[in-house]
Amino acid sequence: TQLPQASAQDGAHRDFCLSGCTAAEYPPDGQRDRLSAGTWRRCLPVCRTRLARAVGVPLGEGPQLACALARAYGGVVVLKGPVTYVAEGDRFFEMGRGTSALAKAGTGDVLAGMVGALLAQGLSAFDAAALGATLHALAGRAAEERLGSISVTADDLPLSIPRAIELLRAGA
């Protein structure tokens, strides 16, 4: 069966991402305890190579692996790699903007922080993960452009988020 898919190049996805970039800086009143209420447990950023080995799914089957894990854990899964998959149930988003500059210790922690910040602004777990993964990849590319792939560290990514938003707005 064919799984429903959204492409990072979709106009609708780009519009959604831009709307997330202009969201309020702080969660609205009454939602400030959103993360402490357990929302954070619903989004799982994981390395697809490790999980494919652990659950016995061939590595080339990213969408199926992401969806199987999302169903098993009852949440949203972010399967990082050169192509990143965000899944919730049988729905998934494929984002192929990754760069080897992100294959460094700590970059996944930055992604998790970005997703958490978007959750705190009121986005759903799936939308926060899709937008977070897209901005993370674009920030990685922006840092790579400035520093070179080998020199990028996790500390460089937060400084590159404004450029990532500019790139997203420009349709990159």
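Below, the structure is looked at part by part. (Residues numbered from 1 in each chain as written. Predicted model: local features only at pLDDT ≥ 70, side-chain atom pairs only at ≥ 80, totals over all residues. Heavy atoms only, no water.)

### Topic: the overall build of the protein chain
Threshold: Where helices and strands are cited, they refer to DSSP runs of H or I of at least four residues and of E of at least two residues respectively, numbered from the N terminus. Burial classes: relative accessible area under 20% of the type maximum marks a residue as buried, over 50% as exposed, and values in between as partly exposed (1.4 Å probe, protein chains only). Contact criterion: two residues are considered in contact whenever any of their non-hydrogen atoms come within 4.5 Å of each other. Shrake-Rupley sampling with a 1.4 Å probe provides the accessible areas, and residues are treated as covered by the protein chains on show and by no other component.
The helix and strand inventory of the protein chain stands at six helices and five strands. Shown N-terminal to C-terminal, the secondary structure of the protein chain runs as helices and strands in the order β-α-β-α-α-β-β-β-α-α-α. The buried share of the protein chain, reckoned over its 172 residues, is 44%. Taking the intrachain contacts of the protein chain between residues at least 6 apart in sequence as the baseline, contacts between residues at least 24 apart amount to 63%. Taken as a whole, the protein chain presents about 8,700 Å² of accessible surface, with 54% of it coming from carbon and sulfur.

### Quick word on the packing of helix α5 (residues 125-147) against helix α6 (residues 156-169)
This is how it is decided: Every axis in this analysis is a line fitted to C-alpha atoms, fitted for helices over the stretch in contact. Angles between the N-to-C directions lie between 0 and 180 degrees. Any angle that falls under 35 degrees is termed roughly parallel, while one over 145 is termed roughly antiparallel, one within 65 to 115 roughly perpendicular, and all others oblique. Note on residue classes: Ala, Val, Leu, Ile, Met, Phe, Trp, Tyr, Cys and Pro are nonpolar, Asp, Glu, Lys and Arg are charged, and everything else, Gly too, is polar.
Where α5 contacts α6, the axes come no closer than 7 Å and their chain directions differ by 105°. With respect to their mutual orientation, α5 and α6 come out roughly perpendicular. Where α5 abuts α6, its residues Leu131, Thr134, Leu135, His136, Leu138, Ala139, Gly140, Ala142, Ala143, Arg146 and Leu147 lie against Asp156, Leu157, Ser160, Ile161, Arg163, Ala164, Ile165, Leu167 and Leu168. Looking at the contact of α5 with α6 residue by residue, the class counts come to 13 nonpolar, four polar and three charged.

### Describing the packing of aromatic side chains
Our working rule: In this scheme Phe, Tyr and Trp rings, the latter by its six-membered ring, pair at centre separations within 6.5 Å, and the angle between planes marks the pair as stacked below 30 degrees, edge-to-face above 60, and tilted otherwise. Whether a charge sits over a ring comes down to the Lys NZ or Arg CZ being within 6 Å of the ring centre and within 35 degrees of the ring normal.
For the structure on display, the rule yields one aromatic pair. Directly above the aromatic system of phenylalanine 126 lies the positively charged group of arginine 91, at a separation of 3.7 Å from the ring centroid.

### Describing α6
Put simply, the test is: To estimate the expected span of a helix, count its residues, drop one, and scale the result by 1.5 Å. A residue's bend is simply the angle between two axes: one fitted to the seven residues ending at it, one to the seven starting at it.
Over its 14 residues, α6 extends 21 Å from the first C-alpha to the last, a length consistent with the 20 Å expected when each residue adds 1.5 Å. When the local axis directions of α6 are compared, the greatest deviation, roughly 40°, occurs at proline 162. Residues of α6 that are buried: Asp156, Leu157, Ser160, Ala164, Ile165, Leu167 and Leu168. Downstream of α6 by one or two residues, glycine 171 has phi in the positive range, about 85°.

### Some words on the pairing of strand β4 (residues 84-88)
Our working definition: Strand pairing requires that DSSP identify at least two bridges connecting the strands.
The buried fraction of β4 is high, at four of five residues. Two elements, strand β3 (residues 76-80) and β4, share four bridges in a ladder whose sense is antiparallel. Paired with leucine 79 across the strands is tyrosine 85, a residue of β4. Adjacent in sequence and paired antiparallel, β3 and β4 are bridged by three residues. The sheet contact formed by β4 and strand β5 (residues 91-95) spans five bridges and is antiparallel.

### Some words on the nonpolar core
Soluble globular proteins tend to bury their nonpolar side chains together. The condition that has to hold: For our purposes a nonpolar core is just a set of buried Ala, Val, Leu, Ile, Met, Phe, Trp, Tyr and Cys residues, chained together by side-chain atoms within 4.5 Å.
Counting 33 residues, the largest nonpolar core has Val76, Val86, Phe93, Ala128, Leu131, Leu135 and Leu157 as its most contacted members. Broken down by secondary-structure element, the contributors of at least two residues to this core are β3, β5, α4 (107-120), α5 and α6. It is α5 that provides the largest number of residues to this core, a total of twelve residues. With ten residues, the next largest nonpolar core counts Leu69, Val77, Leu79 and Tyr85 among its residues.

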